[in-house]
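Coordinate inspection notes
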Amino acid sequence: MVEKEDLFKNGKRWDGRTPTDLRTPLAITAGVLKRAQGSAMIEWGKNKVLAAVYGPREVFPKHLADPAKAIINARYIMAPFSGLDDHGRSGPNRRSIEISKVAKHVFENAILVEQFPKTMIDVYMEVLQSDGGTRVSAITAASVALADAGIPMRDLPVGMSAGKVGDAMLLDLDKYEDNLGDSDIPTVILPRTGEILLSQMDGMLSKKDVNDAFDLMFENAKFVREKQLQALRDRYEKVEAQVQGENA
Amino acid sequence: MNEMIFPGDLVADHEQHIPGCYTENGKTYAATLALRQNDHVVPLKGQYVPRVGEEVVGIVTDERFSGYTLELNSPYEGDLSTRETREELKLGAVVACKILAVNEVKMATLVEPHPLPEAILVKMEAVKVPRLIGRNGSMLDVIQKHTQSQITVGKNGYVAISGGDTKLAVDVVEKIERESHVPGLTDRVTKMLEHKSGEMHG
Amino acid sequence: MILDQVKKNFIQQKIQDGEREDGRGFFDYRPIRIQKGFVPNAEGSCLAQIGDTKVLCGVKFDVMAPFADRPEEGVFMTNAEFAPLAHPDFHPGPPNEDSIELARVVDRGIRSAELLDVKNMFLEEGKVLGLFVDLYILDHEGNLMDTAALAAMGALLDTKVPKYEGGKIVRNEFLGPLKLSDTVVTTSFERIGSQIIVDAAPAEETASSGRLTLGTADGDLICATQKSGRAGITRPQYDEMMDVAFQKHGELADALKG
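Report follows, based on the coordinates. (Residues numbered from 1 in each chain as written. Chains lettered and ligands numbered in written order. Predicted model: local features only at pLDDT ≥ 70, side-chain atom pairs only at ≥ 80, totals over all residues. Heavy atoms only, no water.)

1. Quick look at the overall build of chain C
The helix and strand inventory of chain C stands at five helices and twelve strands. Here chain C has a C-alpha radius of gyration of 19 Å; the compact-globule value for 258 residues is 18 Å, and the two agree. For chain C, the spread of C-alpha atoms along the principal axes amounts to about 65 × 35 × 35 Å. Within chain C, the proportion of its 258 residues that are buried is 52%. A separation threshold of at least 6 residues defines the contact pool for chain C, and within that pool the share at least 24 residues apart is 69%. Once the 28 positive and 41 negative side-chain charges of chain C are each reduced to a mean point, those two points are 1 Å apart. (Helix = DSSP H or I, 4+ residues; strand = E, 2+ residues; numbered from the N terminus. Rg over C-alpha atoms; globule rule 2.2 N^0.38 Å. Buried < 20%, exposed > 50% of the residue type's maximum accessible area, 1.4 Å probe, protein only. Contact = heavy atoms within 4.5 Å. Lys, Arg positive; Asp, Glu negative; His and termini not counted. Charge placed at Lys NZ, Arg CZ, Asp CG, Glu CD.)

Encoded structure:
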């Protein structure tokens, strides 16, 4: 059991990271599901999240169709066995409904929705194992699944979190730092424009704290983006390697 | 493999309308996964959206008072008026058509239907159809010559194959879809065709 | 509503020309009215109005079992009801994503600022006070979020802690006012074109591409944020909004005192 005092001592975090270290592994695999149009699995620290995309397809229910653009249906949900604590309740709860809503807004921004009027794009995010920062892991994976599905986008949204433990601003909080720490700042960044697409912080933060957190997250977003791109590249490089093997 | 580009990557310093790309503030960026080949951007992924004048292959999914609805491997359906066909089409029938018009919400009006009753239907990524056809139809000619199959390629990614060595034809189409991004595709396809059709006939 | 949709282009053009439909400045609120004690039967209540938007908040205490991981702390819960009488697009039914979001953002601000002393809500082994904050949207004329946050804060300021005797709450007998450590309000910004405004009217909300809500506590602190809607926010915009929110915090806190 980790106690609050253990979280940050002598410049080191309880798991040995420095304040600016991301968790390891940070591994993304694209195209992990056969049936879905696009998919991705992310392992970020102890988080494991699966994302899948269907569409653009016919809107269900039909009356929601927008003649000007595609509508996004985003569903973030945690499996009842995903946490270290007791068996959770299946299905959406108030927290997951709120997260699904703001995740939807992220994808509405990133996807070129005007290209597909009167359709719906479904983005499913299933948290299989949770360890803090699941929403940003889920959105990071879903971005890869969307690209894998061939959905046209302005850029790949990158999820990040930071937060304060005592006086220290730490990047990429895990479950203990999130639960026992003083604040949590989940953020989604669109790297190309530097826009913030999701911001849901809690805690008590000064303007300087907020900017310190953004500095940390923006600085490291590039690294996460590179992981996203590598996941997509791998899919095609694997085929290439195979073909070259056959013809060698 | 050519350089792979990703959504958000800069493609041109000016506005240019390229498939798989978008423009913003006077610049052009990639919107989908694509390969950069010299000046070209070749998308690797992307849904089919009907465009006027294109030849497509569709599947009849519904019949109404005035005509048929065709599924086009796209979020958007096609509408084929009964006036266009003397033949009665069954649900599930595979039909090659031309797109006469596309309305504001991308619904396609189809004309010149050619039912393909015996065909085997293969689905491929629509953005890869040009690779199956090849320069001036060269790839398709080679495949048809070796397989003796009649191959109707819809721009929408539905490929109807009938007659000849259909199994080989299907295998080749699937190979092209899978390996189109790996250089040397034409050679590999020719080799496969010569090898396999040789196997069968000799 | 379709009428708001038609107004959309008009509003966008006006904002671009530096004007709002009702003549307000970009960072001006409509008149604010706070009526505490609106429902005397509740342990605390407040009807908050910003312009014509009306949100009623009622606070009730109940005796309940604590959460297993916090056996000595009271329980605090926030819920929002989008009453069908408030807007033609509101329909009866279970909470939807909008009402859940509203309640959770209000809740997040109060919780983060540790406004309530939940340790003081312990009654006896296995029993704690539960404090229920219910937000009733009565008239939706834009900026529900800030109106709801004002109603909640106003109702908590009005709340009296009831007497507890023989395992039950004695209604209408009070130990004293509920102790609060802070003032928590929210300032919601809408982005219309490249312009940022506060306290949007309905047509302005329709013309908006996205919203950022900043929850603030005393002493220039941010206690909650929520980015909602499609628009992205740049860092310079975020910075400006924090400055404006700290400024508005004073105005809104003053309105609550009256």
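2. Side note on empty space enclosed by the protein
Residue and element names in this part refer to chain C. By the definition in use, this model includes one cavity of 30 Å³ or more. The computed volume of the largest cavity comes to approximately 50 Å³. Taken together, Val-106, Gly-109, Ile-110, Ala-149, Ala-152, Met-153, Val-184 and Thr-186 make up the full set of residues lining the largest cavity. Listed by contribution, the elements that provide at least two residues to the lining of the largest cavity are α2 (97-112) and α3 (144-158). A class-by-class count of the residues in the lining of the largest cavity yields six nonpolar, two polar and no charged. (1 Å grid on protein atoms, 1.4 Å probe; cavity = no way out; pocket = protein on both sides within 12 Å on 5 of 7 lines; lining within 4 Å. Points joined across faces, edges and corners; volume = space filled by probe spheres on them. Nonpolar A, V, L, I, M, F, W, Y, C, P; charged D, E, K, R; others polar.)

3. As for the nonpolar core
If you look at the biggest cluster of nonpolar residues, it comprises 131 residues, and the most contacted ones within it are Phe-107 and Met-125 of chain A together with Leu-131, Leu-135 and Tyr-238 of chain C. In contact with Tyr-238 of chain C, not counting residues within four places along its chain, are Ile-196, Ser-199, Met-201, Val-210 and Phe-214 of chain A together with Leu-212, Leu-214, Thr-225 and Ile-233 of chain C. Listed in part, the 21 residues of the second largest apolar core include Val-129, Val-173, Leu-185 and Leu-193 of chain B. (Core = buried A, V, L, I, M, F, W, Y, C linked by side-chain atoms within 4.5 Å.)

4. What about the arrangement of the chains?
Where the two pairs of chains in contact are concerned, the greatest contact count is recorded for chains A and C. Separated throughout, chain B and chain C approach each other most closely at a C-alpha pair spaced 14 Å apart.

5. Notes on helix α5 (residues 235-257) of chain C
Under the 1.5 Å per step criterion, the end-to-end length of α5 of chain C is 33 Å for 23 residues, consistent within 8% with the ideal 33 Å. All of the buried residues along α5 of chain C are Gln-237, Tyr-238, Met-241, Met-242, Val-244, Ala-245, Phe-246, Lys-248, His-249, Leu-252, Ala-253 and Leu-256 of chain C. (Expected span 1.5 Å × (residues − 1).)

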